[in-house]
Amino acid sequence: MNLREEVIKKYNKAQCQTIVNWVGNDQQRFDELFALFVSNEYRVAQQSAWPMSYCVEAYPKLIKKHFATLIQNLQHPQLHNATKRNTIRILQYASIPKKYHGIVMNICFEFIQNVKEKPAVKAFSLTVLDNLSKEYPEIKPELNLIIQEQMLHETAAFISRGKKILKRNKITT
């Protein structure tokens, strides 16, 4: 399979699943998809983001060796929203190496507080922060406060995830 051609051929769920099935649990094929995901080619990176996130959801260990590049790419100021959204989605499923916990928390806190950030990025960031709060309970008060302050102005996705987090943290809304 010429993966690059498949990635740019169509952008739909069926094509996404075709790519995910082809990659499977194969590290070499995943590495090829990851290279497209972080490429400088706007359309290629954008359209490889969706299957990338599904691959990591199915086989989280495949992303392990790419964490430095993944986090570096996430901090790029001109990052396409699809790449950003799917990177944060990946972080929901992946076991984040300890050395990246601080930077990931900072990035996610910035995303959830940015009024211009897209709803899915915020919702996925909430989940990432909630996951990390199990290891770092000291971030729970800040997370709870931000959720409570922003719930009146946020989308249904943010509110739904926020309420679940507050409930788990025994905060009434």
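About the thresholds
- Residues numbered from 1 in each chain as written.
- Predicted model: local features only at pLDDT ≥ 70, side-chain atom pairs only at ≥ 80, totals over all residues.
- Heavy atoms only, no water.
- Helix = DSSP H or I, 4+ residues; strand = E, 2+ residues; numbered from the N terminus.
- Polar contact = N/O pair within 3.5 Å; in protein donor to acceptor, adjacent residues only side chain to side chain.
- Contact = heavy atoms within 4.5 Å.
- Axes fitted to C-alpha atoms, helices over the stretch in contact; angles between N-to-C directions.
- Parallel < 35°, antiparallel > 145°, perpendicular 65-115°, else oblique.
- Left-handed = near helix turned anticlockwise from the far one by under 90°.
- Nonpolar A, V, L, I, M, F, W, Y, C, P; charged D, E, K, R; others polar.
- 1 Å grid on protein atoms, 1.4 Å probe; cavity = no way out; pocket = protein on both sides within 12 Å on 5 of 7 lines; lining within 4 Å.
- Points joined across faces, edges and corners; volume = space filled by probe spheres on them.
- Phe/Tyr/Trp six-rings, centres within 6.5 Å; stacked < 30°, edge-to-face > 60°.
- Buried < 20%, exposed > 50% of the residue type's maximum accessible area, 1.4 Å probe, protein only.
- Expected span 1.5 Å × (residues − 1).

1. Notes on the side chain of His 80
(1) Moving on: Looking at the secondary structure, you find His 80 in the loop between helix 5 (67-74) and helix 6 (81-93).
(2) Moving on: Within the structure, His 80 has its side chain in polar contact with the side chain of Tyr 42 (distance 2.8 Å).
(3) Moving on: Reaching out from His 80, the side chain makes a polar contact with the backbone nitrogen of Ala 82 at a distance of 2.8 Å.
(4) Moving on: Look past the residues within four positions of His 80 in its chain and what remains in contact with it is Tyr 42 and Gln 46.

2. Observations regarding the packing of helix 7 (residues 101-113) against helix 9 (residues 140-150)
Helix-helix packing is characterised by the crossing angle of the two axes and by the distance between the axes.
(1) Moving on: Interhelical geometry of helix 7 versus helix 9 gives an angle of 15° and a closest axis separation of 11 Å. Taken together, the axis directions place helix 7 and helix 9 in an arrangement best described as roughly parallel. The handedness of the crossing between helix 7 and helix 9 is left-handed. When helix 7 is examined against helix 9, the residues Phe 109, Ile 112 and Gln 113 are found in contact with a partner set consisting of Glu 142, Leu 143, Ile 146 and Gln 150.
(2) Moving on: Residues that form the contact of helix 7 with helix 9 fall into these classes: 4 nonpolar, 2 polar and 1 charged.

3. Some points on empty space enclosed by the protein
One water molecule sets the probe size; rolling that probe over the atoms shows where empty space is left.
(1) Moving on: With the rule as written, the count across this model stands at 1 cavity of 30 Å³ or more.
(2) Moving on: Of the pockets and cavities examined, the largest cavity occupies roughly 40 Å³.
(3) Moving on: Every residue along the wall of the largest cavity is listed here: Val 7, Lys 10, Tyr 11, Asn 12, Gln 15, Cys 16, Ile 19, Gln 47, Trp 50 and Pro 51.
(4) Moving on: Sorting the residues of the lining of the largest cavity by element identifies helix 2 (13-23) and helix 4 (42-58) as the ones contributing at least two each.
(5) Moving on: A breakdown of the residues in the lining of the largest cavity according to their chemical character gives 6 nonpolar, 3 polar and 1 charged.

4. So, the packing of aromatic side chains
(1) Moving on: Per the counting criterion, the structure on display carries 3 aromatic pairs.
(2) Moving on: Ring centres of Trp 50 and Tyr 54 lie 6.3 Å apart, and the angle between their planes is 50°; on these two criteria the pair is classed as tilted. Taken together, the residues Trp 50 and Tyr 54, both in helix 4 and 4 residues apart, mark about one turn of the helix.
(3) Moving on: Measuring from ring centre to ring centre gives 6.0 Å for Phe 67 and Tyr 100, while their planes differ by 20°; the resulting arrangement is stacked. Placement of Phe 67 in helix 5 and of Tyr 100 in the loop between helix 6 and helix 7 is noted, with a sequence separation of 33 residues between them. The pair Phe 67 / Tyr 100 is uniform in exposure class, with both members buried.

5. Some thoughts on the layout of surface pockets
(1) Moving on: Each pocket or cavity is described by its volume, and for the largest pocket that value is around 240 Å³.
(2) Moving on: The greatest single-element share of the lining of the largest pocket, amounting to 3 residues, is contributed by helix 4.
(3) Moving on: Taken together, the residues of the lining of the largest pocket break down into 5 nonpolar, 8 polar and 1 charged.

6. Comments concerning helix 8 (residues 119-133)
(1) Moving on: Here helix 8 spans 21 Å end to end across 15 residues, near enough to the 21 Å set by a 1.5 Å rise per residue.
(2) Moving on: For helix 8, the full list of buried residues reads Val 121, Lys 122, Ala 123, Phe 124, Ser 125, Leu 126, Thr 127, Val 128, Leu 129, Asp 130, Leu 132 and Ser 133.
(3) Moving on: Of the surrounding elements, those touching the buried residues of helix 8 are helix 6, helix 7, helix 9 and helix 10 (156-168).

Nothing here speaks to function; it is all geometry.
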